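Structure assessment
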Amino acid sequence: MNSTLQQLLAALRASVRHRVWICSDLQQWDPKTAEHILNTVFADFHSLDLPCEEVWNLGDTTDGKDPGRMRETVLLQAERFESLGVPLAYTCGNHDFDYFKKETSGGVEAVPAWKLLRDRPAWRTSRRLEDFYFTFDMGDYRVFLFGDHAAADGRWIVTHGKVHGDAEAYPHTPEAYDAVRKNMAEHEGPVISLGHYAYPGGNRPSPLMERLLPLPDNVRAHFYGHAHLGESRLLGEHNFRKIAYVDHQHVPQLDIAALEDRKGTRLRSVFLEIYLDGTFGIYFRNHSGKTWEEAFFLDPGRRP
């Protein structure tokens with residue numbers, strides 16, 4: 001059956017300026033399971049005939065503390081996404097640091113997701129493990145991507161929006177976060193915010209990301225992972241809340257997780273279409289059921 005949302009996508013195709021596939025949280029320790037998930041997800045992706053100019057991956061590419069399995073899982077994902085032949089972006093999530101927390105003496109080699117993807121030409125990621133964000137442009141849009149980060153020697157590690165270890169050694173002061181907010185505001189065009197975590201107001205928000213509030217007026221939306229939809233143990237009453245707003249601001253934030261169905265209930269991701277007039281069309285895909293679950297549209301001239 002050709003659903004209404006499928007018909008809407010077809011009707012708007014000629015108006016698409018940018019289309020991006022946003023995904024997060026494959027989070028598997030077993031490469032065979034990861035391969036099965038990727039087969040399911042990519043078969044559905046290709047069936048949609050929605051070619052994307054970029055892919056943004058918001059972290060937790062791995063799980064567990066076996067470096068060999070972690071590397072194999074990362075390479076499976078790297079090769080599959082690279083087969084699309086488009087620029088790819090990645091930031092660390094908390095599970096990407098599972099092995100590093102156990103073996104800090106291993107340095108950056110103990111964070112195989114970041115280390116392997118950083119060295120592959122198709123991927124954008126942070127230049128240093130200690131960087132808490134990086135930026136890139138897509139047309140007029142400036143994209144800010146925030147993720148977990150750590151000292152290369154493991155003295156401090158940030159996951160879940162908190163500093164673990166030697167908090168006094170954490171180099172990113174509140175003023176450093178203020179400088180990022182100023183950088184956002186100074187961009188002449190619109191800004192898209194991405195992260196492994198939500199701002200306050202979203203599911204399982206990051207305390208450190210609260211330092212970036214209030215967001216400048218040119219931030220159109222925030223997309224995040226980490227909070228696996230359907231994982232009631234952690235999400236409680238917000239078990240299936242995909243759409244929320246940044247506390248006290250008219251900035252929507254969208255939960256796109258997860259590319260796994262062991263903790264969550266379906267294999268999920270999001271397609272972002274930006275149309276010629278600047279409208280955002282955000283489509284929530286259920287790859288398990290091969291259906292569109294919801295869509296959300298943002299008018300470029302909206303005001304609170």
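A short tour of the structure in this document, coming up. (Residues numbered from 1 in each chain as written. Predicted model: local features only at pLDDT ≥ 70, side-chain atom pairs only at ≥ 80, totals over all residues. Heavy atoms only, no water.)

Turning our eyes to something else, we now look at empty space enclosed by the protein. To find leftover empty space, one rolls a probe the size of a water molecule over the atoms. A full pass over the atoms with the stated rule returns three cavities of 30 Å³ or more. Taken as a whole, the largest cavity spans an internal volume of roughly 100 Å³. Along the walls of the largest cavity sit 13 residues, with Phe146, Gly147, His149, Ser206 and Met209 positioned nearest its centre. Split into classes, the residues belonging to the lining of the largest cavity amount to seven nonpolar, five polar and one charged. In this structure, the second largest cavity is lined by Thr91, Ser126, Asp131, Phe132, Tyr133, Phe134, Leu145, Phe146, Gly147 and Asp148. Breaking the lining of the second largest cavity down by element, the ones donating at least two residues are β5 (133–138) and β6 (141–146). (1 Å grid on protein atoms, 1.4 Å probe; cavity = no way out; pocket = protein on both sides within 12 Å on 5 of 7 lines; lining within 4 Å. Points joined across faces, edges and corners; volume = space filled by probe spheres on them. Nonpolar A, V, L, I, M, F, W, Y, C, P; charged D, E, K, R; others polar. Helix = DSSP H or I, 4+ residues; strand = E, 2+ residues; numbered from the N terminus.)

Going residue by residue along strand β13 (residues 252–255), you find Pro252 and Leu254 tucked away on one face and Gln253 and Asp255 tucked away on the opposite face as well. Two strands pair when backbone bridges link them, and strand β11 (residues 219–224) and β13 are joined in this way by three bridges, in the parallel orientation. Bridge pairing links Tyr224 to Asp255 in β13. The sheet contact formed by strand β12 (residues 243–245) and β13 spans three bridges and is antiparallel. Residue Tyr245 lies in a different strand from β13, and its bridge partner there is Pro252. (Buried < 20%, exposed > 50% of the residue type's maximum accessible area, 1.4 Å probe, protein only. Pairing = 2+ DSSP bridges.)

These values are about where atoms sit, not about what they do.
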